[in-house]
Amino acid sequence: MNDAVYPHSWTREGFLGDAAVTLRPHPITEYTEVVGTHAPHRIDITAIKTVDASDPAELPTVFAHSRNDLTFSVSARSEPTPFVWRNAEYDEVHFVQDGEFEYVTDWGTLEVRPGDFVFLPRAASYRVVPTTPSTLRVIIETPEPIALNPEALRGMVNTARDVHRPDATRTSQASGETTLLIRATDGITRFTMEQDPLAMTSMVAGQAPVWKINLADIQAVAYLPHGGPPTHFAETPTKDLLLYPASSRPGGRPPQHHNADYDELLFYFRGPAPYGGLTEPGSTVWIPKAVAHRGPEENVEGGFMAWLVESGGTLRLTPEGLGAAVLMETSLFHPLHDGDTA
Ligand SMILES: [Fe+2]
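Bear in mind that the values here come from a model prediction, so they are computed numbers and not experimental data.

Q: Give me unusual backbone geometry: which residues, what numbers.
A: Here the bond from Leu224 into Pro225 is cis, since omega is 10°, no more than 30 degrees from zero. When you line up the elements, Pro225 lands in the loop between β16 (211-214) and β17 (234-235). Of note in the backbone geometry, Asp69 takes a positive phi value of approximately 75° without being a glycine. Mapped onto the fold, Asp69 is located in the loop between β4 (61-66) and β5 (71-75). A relative accessible area of 33% means that Asp69 is categorised as partly exposed. Positive phi values are uncommon outside glycine, yet Phe333 reaches one of about 70°. Its relative accessible area of 2% is what places Phe333 among the buried residues.

Q: An account of the coordination of the iron ion is requested, with residue identities and associated values reported.
A: At the metal site, the iron ion is ligated by His257 (ND1), Glu264 (OE), Glu264 (OE) and His293 (NE2), and these contacts range over 2.1 to 2.8 Å. The site at the iron ion holds four donor atoms, and with the angles between them running 51 to 148°, its shape is irregular. Positions of the donor residues of the iron ion along the chain correspond to the pattern H-x6-E-x28-H. One end of the pair, His257, is in strand β19 (residues 256-259); the other, His293, is in strand β22 (residues 293-294), and 36 residues separate them in sequence.

Q: Explain the environment of Arg12 to me, using residue names and the numbers behind them.
A: With respect to the helices and strands, the residue Arg12 is situated in the loop between β1 (6-11) and β2 (19-24). A relative accessible area of 37% places Arg12 in the partly exposed class. C-alpha of Arg12 to C-alpha of Pro272: the two residues are 260 residues apart in sequence and 33 Å apart in space. Not counting chain neighbours up to four residues away, the residues in contact with Arg12 comprise Gly17, Asp18, Ala260 and Asp261.

Q: Got a sec to walk through the sheet that holds β16? Specific residues and values, please.
A: Read from one edge of the open sheet, seven strands run β16-β10-β7-β12-β5-β4-β24, paired in antiparallel fashion. Of all the strands in the sheet, just β16 and β24 (315-317) have a single pairing partner and so form its edges. Neighbour-to-neighbour, the strand axes of the sheet open up by a mean angle of 20°, direction not taken into account. Relative to strand β12 (residues 136-142), β5 runs antiparallel, the two sharing five bridges. By the bridge assignment for β12, Thr71 is matched with Glu141.

Q: Account for the packing of aromatic side chains, with residues named and values stated.
A: Taken as a whole, this structure holds 15 aromatic pairs when the rule is applied. Between Phe101 and Tyr103 the ring centres are 6.1 Å apart and the planes differ by 75°, which places this aromatic pair in the edge-to-face class. In this structure, Phe101 and Tyr103 share a single accessibility class: buried. Seen from their ring centres, Phe267 and Trp307 are 4.1 Å apart, and the 10° between their planes marks the pair as stacked. Highlighted residues: Phe267 in strand β20 (residues 263-270) and Trp307 in strand β23 (residues 305-311), separated in sequence by 40 residues. There is no split in this pair, since Phe267 and Trp307 are both buried. The positively charged end of Arg137 is found above the aromatic ring belonging to Phe101, 4.7 Å away from the centroid.

Q: I'd like a description of the environment of Pro60, backed by residues and values.
A: Structurally, the position occupied by Pro60 is in the loop between β3 (41-44) and β4. In sequence terms Pro60 and Arg77 are 17 residues apart; their C-alpha atoms lie 8.3 Å from each other. Leave out the neighbours within four places in its chain, and Pro60 touches Asp52, Ser73, Val74, Ser75 and Ile139.

Q: Help me get a handle on the sheet that holds β3, residues and values and all.
A: In spatial order, the strands read β13-β17-β18-β23-β20-β21-β3-β25; together these eight strands make up an open sheet with antiparallel pairing. Of all strands in the sheet, those with a lone pairing partner are β13 (147-148) and β25 (325-327), marking the two edges. Sheet topology note: the β13/β17 ladder contains two bridges and is antiparallel. Bridge pairing in β17 links Leu148 to Ala234.

Q: Residue-level account of the nonpolar core, with values.
A: Ranked by size, the top nonpolar core spans 41 residues in total, and within it Phe63, Phe117, Phe119, Phe233, Leu243 and Trp307 carry the most contacts. Two domains each donate at least three residues to this core, and these are domain 1 (6-44 + 216-327) and domain 2 (56-61 + 68-215). When near neighbours in sequence (up to four residues on either side) are disregarded, Phe63 contacts Ile43, Ile45, Ile48, Phe72, Ser73, Val74, Val138, Phe267, Arg316, Leu317, Thr318 and Gly321.

Conventions used here
Residues numbered from 1 in each chain as written. Predicted model: local features only at pLDDT ≥ 70, side-chain atom pairs only at ≥ 80, totals over all residues. Heavy atoms only, no water. Helix = DSSP H or I, 4+ residues; strand = E, 2+ residues; numbered from the N terminus. Buried < 20%, exposed > 50% of the residue type's maximum accessible area, 1.4 Å probe, protein only. Donors = N, O, S within 2.8 Å, 3.2 Å for Na, K, Ca; no water. Tetrahedral: all angles 85-135°; square planar, octahedral: opposite > 155°, others 65-115°. Contact = heavy atoms within 4.5 Å. Pairing = 2+ DSSP bridges. Axes fitted to C-alpha atoms, helices over the stretch in contact; angles between N-to-C directions. Phe/Tyr/Trp six-rings, centres within 6.5 Å; stacked < 30°, edge-to-face > 60°. Lys NZ or Arg CZ within 6 Å of the ring centre and 35° of its normal. Core = buried A, V, L, I, M, F, W, Y, C linked by side-chain atoms within 4.5 Å. Domains from an automatic or database assignment.

As far as function goes, none of this settles anything; it's purely spatial.
Next comes the structure, spelled out in structure tokens:
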């Protein structure tokens, strides 16, 4: 392809629907100034002021939410939760950026490490016990159930080998009066329980609905030699929320993109190689829907690990998110203004 033309793809339904591909005579991603709320940002999730880092009784800090009621939070907890948590109206997905944990659940204990996605459906109860001095997690809440994309079972995910559930032989050892927090859309309701509700004698039917998979164990889809669009590994029924592996793939640099139906939230987990302007673990990119962008080169020496959220509901950053964010150019994902860092 001639270097003097710039490919551009307009896509419907994320990467699942119609596409219109063109060549343009100059980049359509470049801009010098932006004013308004629908502007691309870099967010440093390690710089978000997390209240649960210093007070174990606090909850994760919300940094973004969507019009369709998705919530994105960060937690930097270093002490065990002094309560049992149960979400009444949202499924949760936790991504472990840093640190290790034991999740003590209704169905036993799940050990969790960096790169793990932990799936916790509605009405699953758990306590989180960090086993390293510092931790960092991204927590997504969705009003819809989230599950593996059935298409992912054709080769992206080996469920027998790589999907892990709690060890039912390691049940909660807590006893006595227990605080139980139940989260609903209008806030937290606090119960004082006479006994630990997580205590379990045995599991007699079914399987634990809590499970995890590591980002490194999700095989990315590529269409050689050009690369092609990514494929999601988890989805909600209306596809309002889609999760993708976005680690370095073989193939060429993607085209410029107008994503007609989704905001993109891209999390750089770690290198060794950079992903365009992203070099630090925890660097995160928000590209609002309909804003032109061009993903940086993915096929880089040494590789990197990243993951992508597509949100059907338009996203907005909270004051806490904006406090750790700067405006971004949308070609290599550098800060828009020299000297800014996020
Ligand atoms: Fe895109």
